[in-house]
Amino acid sequence: MAENESFERLQLWLATSLTGFCRLTGDRERPGPIRLLKTMDLMAMVSGGPLACMVVEPRERDEHAGTPLWEFRVQGFGPDGKTAADIMAGAVHTWDRELRGRATPVLTILPARTPDSALPVGDIVKKAQTRIVTGWPGRDGAAHPGVGQDREGEGATGL
C-alpha cells in the first residue's frame, strides 16, 4: 500500500466478516514478540487459543510516485497460530482481490427482533438492541469458511 492510502475499509471488512476480530494494544515502550505501532492499535483476531495479528512494515519506495510503500504481515501466536494467521491473511487477500478500491460497504441497522428473512444479504453483527448488516457489493465469496459468511452461505457471522 502507498504511504497515504487509507485501509479503513479493510478494517471494517475484517471487523464485520472475521470471527474473533479485535484490536490489540499494550505498552508500546516494552519490548515483546509483537511490535506495537506508536500511533495505532493492531488489527487482530482470537480463535480459541491462537492469536493472529497484522503488522504494517515499510517495504520500498514507489519509484513513479516517489513515496514509501507499506506491506501488511500477519503473525500467529499460540497453539495452531499458523492456522489463525492463515485465516486472517486469507481475509486480507479477499479484500485486496475483490473489494479494495471497488466496493463501498452498505450498512443496514435494524431492530434486534427483525426476523432473518427480512435481513439483507451480508455479514450480521448481533447486538442487544439492533442487528447490523454489512453488505459488500461485488463480493463473490470468502477466503475461508470463517471469513465473510452471509445468509446465503453457511450462516451469519456473529461478533
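It should be noted that the structure appears before, not after, this text.
Here goes a summary of the coordinates provided. (Residues numbered from 1 in each chain as written. Predicted model: local features only at pLDDT ≥ 70, side-chain atom pairs only at ≥ 80, totals over all residues. Heavy atoms only, no water.)

## Considerations on the packing of aromatic side chains
Okay, so step 1: Taken as a whole and assessed by the stated rule, the structure comprises 1 aromatic pair.
Okay, so step 2: When the ring of W13 is compared with that of W136, the centres are 5.7 Å apart and the planes differ by 90 degrees; the resulting orientation is edge-to-face. On the criterion of sequence distance, the pair formed by W13 in helix α1 (residues 8–17) and W136 in the segment after β7 (130–135) is long-range, its members being 123 residues apart.
Okay, so step 3: Residue classification places W136 among the buried residues on the basis of a relative accessible area of 7%. (Phe/Tyr/Trp six-rings, centres within 6.5 Å; stacked < 30°, edge-to-face > 60°. Helix = DSSP H or I, 4+ residues; strand = E, 2+ residues; numbered from the N terminus. Buried < 20%, exposed > 50% of the residue type's maximum accessible area, 1.4 Å probe, protein only.)

## Looking at the sheet that holds strand β5 (residues 106–111)
Okay, so step 1: Pairing in this open sheet of 3 strands is antiparallel, and the strands run β5-β7-β6 from one edge to the other. Edge positions in the sheet fall to β5 and β6 (123–126), since each of these pairs with one other strand and no more. Between one strand axis and the next, the sheet turns by 20 degrees as a mean value, whatever way the strands run.
Okay, so step 2: Pairing analysis gives 4 bridges linking β6 to β7, with the strands arranged antiparallel. The residue bridging I124 from the neighbouring strand is V133, located in β7. (Pairing = 2+ DSSP bridges. Axes fitted to C-alpha atoms, helices over the stretch in contact; angles between N-to-C directions.)

## As for the nonpolar core
Okay, so step 1: Core analysis: the biggest nonpolar cluster contains 23 residues, and L10, L14 and M43 have the highest contact counts within it.
Okay, so step 2: Residue contributions to this core peak at 8 residues, all from helix α2 (residues 81–99).
Okay, so step 3: With 6 residues, the next largest nonpolar core counts L42, L51, C53 and V55 among its residues. (Core = buried A, V, L, I, M, F, W, Y, C linked by side-chain atoms within 4.5 Å.)

## Notes on the side chain of T114
Okay, so step 1: The topology assignment puts T114 in the loop between β5 and β6.
Okay, so step 2: In terms of polar contacts, T114 uses its side chain to reach the backbone carbonyl oxygen of P111, at 2.7 Å.
Okay, so step 3: Setting aside residues up to four positions removed in sequence, T114 forms contacts with L119 and R131. (Polar contact = N/O pair within 3.5 Å; in protein donor to acceptor, adjacent residues only side chain to side chain. Contact = heavy atoms within 4.5 Å.)

## What about the side chain of R131?
Okay, so step 1: Summarising the element assignment, R131 is placed in strand β7.
Okay, so step 2: Looking at R131, the relative accessible area reads 9%, which means it is buried.
Okay, so step 3: Of note is the side chain of R131, whose polar atom sits 2.7 Å from the backbone oxygen of T114.
Okay, so step 4: For R131, the contacting residues outside a window of four places in its chain are T108, I109, L110, P111, A112, T114, P115, D116, L119, I124, V125 and K126.

## Observations concerning the pattern of salt bridges
Okay, so step 1: Here the structure, examined in full by the defined rule, presents 4 salt bridges.
Okay, so step 2: As a salt-bridge pair, R73 and E71 come within 3.0 Å of each other at their nearest N and O atoms.
Okay, so step 3: Judged by relative accessible area, which is 27%, E71 ranks as partly exposed.
Okay, so step 4: One salt bridge in this structure joins D116 and R131, with 2.7 Å as the shortest N-O distance. Remark: R131 occurs in strand β7 and D116 occurs in the loop between β5 and β6; sequence separation between them is 15 residues. (Salt bridge = Lys/Arg side-chain N within 4 Å of Asp/Glu carboxyl O.)

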